[in-house]
Amino acid sequence: MKGNNEFERNDIAIDREMEVDCDIGQEITVYIETWFDADKKFGTHTNGDDGSWVNMYGKYNPFADTLRIEVEVDTDDDEPNKWFDYEPTTAESQLIKSMIAEKIREMHGQTPQEFCNDVLGEEMTIGGLL
């Protein structure tokens, strides 16, 4: 991370598994691998606790060019998982959106918009709506 705790490319990775919402087909949900100190970034207090970890999810709407980040703190104990939204900086948002687009291009040879349209079209056909 940069000195101001802003993500850099080597702090995160976009997982290959992604979903498109089934309501309007315009939001891509991705798992963002966390290769950074989550305690330093979010104040989660998970370092040193083998039974706690942080999951981070991006919800990217390429049509509206918006990105939401949801963070989940999981624990092995009986406590419920804790969720919170993280508001990325402009630079972080651009980085993550770019990395999502790169992963889609790498995996599917499409833009994020084409990916959404393609997935929505397949779901409608499979569901018998077309």
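Structure shown above.
What counts, and at which threshold
- Residues numbered from 1 in each chain as written.
- Predicted model: local features only at pLDDT ≥ 70, side-chain atom pairs only at ≥ 80, totals over all residues.
- Heavy atoms only, no water.
- Core = buried A, V, L, I, M, F, W, Y, C linked by side-chain atoms within 4.5 Å.
- Buried < 20%, exposed > 50% of the residue type's maximum accessible area, 1.4 Å probe, protein only.
- Helix = DSSP H or I, 4+ residues; strand = E, 2+ residues; numbered from the N terminus.
- Contact = heavy atoms within 4.5 Å.
- Pairing = 2+ DSSP bridges.
- Axes fitted to C-alpha atoms, helices over the stretch in contact; angles between N-to-C directions.

Draft legend 1. Spatial organisation of the nonpolar core. Ranked by internal contacts, the top residues of the largest apolar core, which has 27 residues, are Phe7, Ile12, Met56 and Ile96. Going through the elements one at a time, β1 (12–20), β2 (28–34), α1 (38–42), β3 (52–61), β4 (66–75), α2 (90–108) and α3 (112–126) are the ones with two or more residues in this core. Ranked by residue count, the leading element in this core is α2, at five residues. Dropping the residues within four chain positions of it, Phe7 is found in contact with Met1, Ile12, Phe36, Lys41, Phe42, Met56, Tyr86, Glu92, Leu95 and Ile96.

Draft legend 2. Local environment of the pairing of β3. Most of β3 is tucked away, with eight of its ten residues classed as buried. Pairing of β2 with β3, which is carried by five bridges, proceeds in the antiparallel orientation. Note on β3: the bridge partner recorded for Tyr31 is Tyr57.

Draft legend 3. Region of the structure containing the sheet that holds β3. The strand order across the open sheet formed by five strands is β1-β2-β3-β4-β5, and the pairing between neighbours is antiparallel. If you trace the sheet from one side to the other, it starts and ends with β1 and β5 (82–86), each paired once. Direction aside, neighbouring strands of the sheet carry axes that sit 25° apart on average. Lying on the sheet, α2 is in contact with β1, β2, β3, β4 and β5; it crosses β1 at an angle near 65°.

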